[in-house]
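# Overview (structure and organization)
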Amino acid sequence: MAIALPFAAIAQAQEGTTAEPDRIIRSNRRVIIRQSPNILRQPSIIILPYPRPETESEQVRIEFDARGNDWGAVYLNNRLVYRPHNFDRQETLYLPPGGYRLEITGVVRSDVWASGYLDLGRDSSRLVVIRFSKTEGIAVSGSPYVWIPD
């Protein structure tokens, strides 16, 4: 007598049988219906971070060079990015192209030495050097239109 079990998964196969998914397997005495489980496969989704991180070659290199002996602070878009003290008078940042509000102050934020806007990446220039001090003000090298003072 042959028994057929629909939708039954048999863990062990009888001797002389082969395990093939979704097929009827005939043994010497029994008929076994073997089904593989339904697995819905969805396509892989790759999520990229937004905004896309830019490589160093697409970013603009900014070098700050503090002249003199005065301590100060450099703010970009109202965020402190660099404080020159006795032994750290130079700093390098990599920024994506765009417009930035730049303020260079003394130790106290209300003591403004220079303020204005940096327009980075307008041309193919990828290096901007900013030299500043309390007495001499600010000097920016790179593109002629990168520094727009207030």
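Up top you'll find the structure we're talking about.
Quick summary incoming for the structure in this document. Please read all numbers here as calculations on a predicted model, not as lab measurements.

Rules and cut-offs
- Residues numbered from 1 in each chain as written.
- Predicted model: local features only at pLDDT ≥ 70, side-chain atom pairs only at ≥ 80, totals over all residues.
- Heavy atoms only, no water.
- Salt bridge = Lys/Arg side-chain N within 4 Å of Asp/Glu carboxyl O.
- Helix = DSSP H or I, 4+ residues; strand = E, 2+ residues; numbered from the N terminus.
- Buried < 20%, exposed > 50% of the residue type's maximum accessible area, 1.4 Å probe, protein only.
- Pairing = 2+ DSSP bridges.
- Contact = heavy atoms within 4.5 Å.
- Phe/Tyr/Trp six-rings, centres within 6.5 Å; stacked < 30°, edge-to-face > 60°.
- Lys NZ or Arg CZ within 6 Å of the ring centre and 35° of its normal.
- Axes fitted to C-alpha atoms, helices over the stretch in contact; angles between N-to-C directions.

## Digging into the pattern of salt bridges
- Under the defined criterion, the tally for this structure stands at five salt bridges.
- As a salt-bridge pair, Arg-131 and Asp-65 come within 3.8 Å of each other at their nearest N and O atoms. You can see Arg-131 sitting in strand β9 (residues 127–133) and its partner Asp-65 sitting in strand β3 (residues 60–66), a full 66 residues away along the chain.
- You can call Arg-131 partly exposed: its relative accessible area is 33%.

## Considerations on the pairing of strand β4 (residues 73–76)
- Here β4 shows no split at all, with Ala-73 and Tyr-75 on one side and Val-74 and Leu-76 on the other all buried.
- Relative to strand β7 (residues 98–105), β4 runs antiparallel, the two sharing four bridges. Within β7, the residue paired with Val-74 across the bridge is Ile-104.
- Hairpin geometry of β4 and strand β5 (residues 79–82) is characterised by an intervening segment of two residues between the two adjacent antiparallel strands and by a positive phi of about 50 degrees at Asn-77.

## Observations concerning the side chain of Thr-105
- Here Thr-105 lies in strand β7.
- Since its relative accessible area comes to 0%, Thr-105 is described here as buried.
- Here Thr-105 is in contact with Gly-72, Ala-73, Tyr-75, Asp-111, Val-112 and Trp-113, once residues within four sequence places are set aside.

## As for the packing of aromatic side chains
- Counted by the stated rule, this structure contains two aromatic pairs.
- A ring pair is formed by Trp-113 and Phe-132, whose centres lie 6.4 Å apart and whose planes are at 45 degrees; its orientation type is tilted. You can see Trp-113 sitting in strand β8 (residues 112–120) and its partner Phe-132 sitting in strand β9, a full 19 residues away along the chain.
- The exposure class assigned to Trp-113 is buried, which follows from its relative accessible area of 15%.
- If you follow Arg-109 out to its NZ or CZ, it ends over the ring of Tyr-75, 3.8 Å from the centre.

## Here's the deal with the sheet that holds β4
- The strand order β5-β4-β7-β8-β11 describes an open sheet built from five strands, whose pairing is antiparallel. Each end of this open sheet is capped by a strand with a single partner; those strands are β5 and β11 (147–149). For this sheet, the mean inter-axis angle between neighbouring strands, taken without regard to orientation, is 35 degrees.
- Pairing geometry for β8 and β11, over three bridges, is antiparallel. Note on β11: the bridge partner recorded for Tyr-117 is Ile-148.

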